[in-house]
Amino acid sequence: MFHFVWAVVLAALGTLIALDYRNLALRVYDIISMFSLGGPPGPRFTEDHMRIVWGFLAVVCAVVAAVRGWALFV
């Protein structure tokens, strides 16, 4: 059950970051650059790259949530 809930939460968060038109990816990028030990990400890693990464993470987590949910209820 725990893996199912986390997969749903990460899929929803990844979808919000990847598809948000209000630049939520830019805010996440700024948070990562504040807490990153080696400094901010390189100048070639933009918020558009972050959207792609979070979109991929959302798809993977949605598949994991579907598999875990199916296993819980079957």
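Starting afresh in each chain, residues are numbered from 1 along the sequence in its written order. In view of the model being predicted, local features appear only for residues whose pLDDT reaches at least 70, and side-chain atom pairs are presented and counted only at 80 or more, with totals across whole chains, interfaces and linings using the full set of residues. Side-chain measures were taken over the full set of non-hydrogen atoms in the model, leaving aside hydrogen atoms and water.

1. With respect to a nonpolar patch on the surface
Residues form patches when they are more than 30% accessible in relative terms and have no salt bridge. Like charges link within 9 Å. Nonpolar side chains (Val, Leu, Ile, Met, Phe, Trp, Tyr) link within 5 Å. Areas reported here follow the Shrake-Rupley algorithm with a probe of radius 1.4 Å; residue values treat only the protein chains shown as occluding. Salt bridge, as used here: a side-chain nitrogen of Lys or Arg that lies within 4 Å of a carboxyl oxygen of Asp or Glu. On the surface, Met-1, Phe-2, Val-5, Trp-6, Val-9, Leu-72 and Phe-73 cluster together into a nonpolar patch covering about 790 Å² of accessible area. Put simply, DSSP H or I for four residues or longer makes a helix, DSSP E for two residues or longer makes a strand, and each gets a number counted from the N terminus. The greatest single-element share of the nonpolar patch, amounting to four residues, is contributed by helix 1 (residues 2-19).

2. Side note on the packing of helix 1 against helix 3 (residues 47-73)
Packing of helix 1 against helix 3 leaves a shortest axis separation of 7 Å and a crossing angle of 150 degrees. Taken together, the axis directions place helix 1 and helix 3 in an arrangement best described as roughly antiparallel. Once helix 1 is placed against helix 3, the crossing between them reads as left-handed. On the side of helix 1, the interface is formed by His-3, Phe-4, Ala-7, Val-8, Leu-10, Ala-11, Leu-13, Gly-14, Thr-15, Ile-17 and Ala-18, while helix 3 contributes Arg-51, Trp-54, Gly-55, Ala-58, Cys-61, Ala-62, Val-64, Ala-65, Arg-68, Gly-69 and Leu-72. Tallied by class, residues from the contact of helix 1 with helix 3 come to 15 nonpolar, five polar and two charged. With axes taken as lines fitted to C-alpha atoms, and helix axes fitted only over the stretch in contact, angles between N-to-C directions fall between 0 and 180 degrees. Our angle categories are set so that under 35 degrees counts as roughly parallel, over 145 as roughly antiparallel, 65 to 115 as roughly perpendicular, and the remainder as oblique. Throughout, a crossing is termed right-handed when the near helix is turned clockwise from the far one, and left-handed when it is turned anticlockwise from it by less than a right angle. A contact between two residues is defined here by any heavy atoms of the two lying within 4.5 Å. Charged residues are taken to be Asp, Glu, Lys and Arg, nonpolar residues to be Ala, Val, Leu, Ile, Met, Phe, Trp, Tyr, Cys and Pro, and polar residues to be all remaining types, Gly included.

3. Observations concerning the pattern of salt bridges
Within this structure, the stated rule accounts for one salt bridge. Across the pair Asp-48 and Arg-51 runs a salt bridge, and its minimum N-O distance is 3.1 Å. Highlighted residues: Asp-48 and Arg-51, both in helix 3, separated by three residues, approximately one helical turn. The exposure class of Asp-48 is partly exposed, given its relative accessible area of 44%. Buried, partly exposed and exposed residues are distinguished by accessible area as a fraction of the type maximum, computed with a 1.4 Å probe on protein chains only: under 20%, between the cut-offs, and over 50%, respectively.

That is the geometry; function is a separate question.
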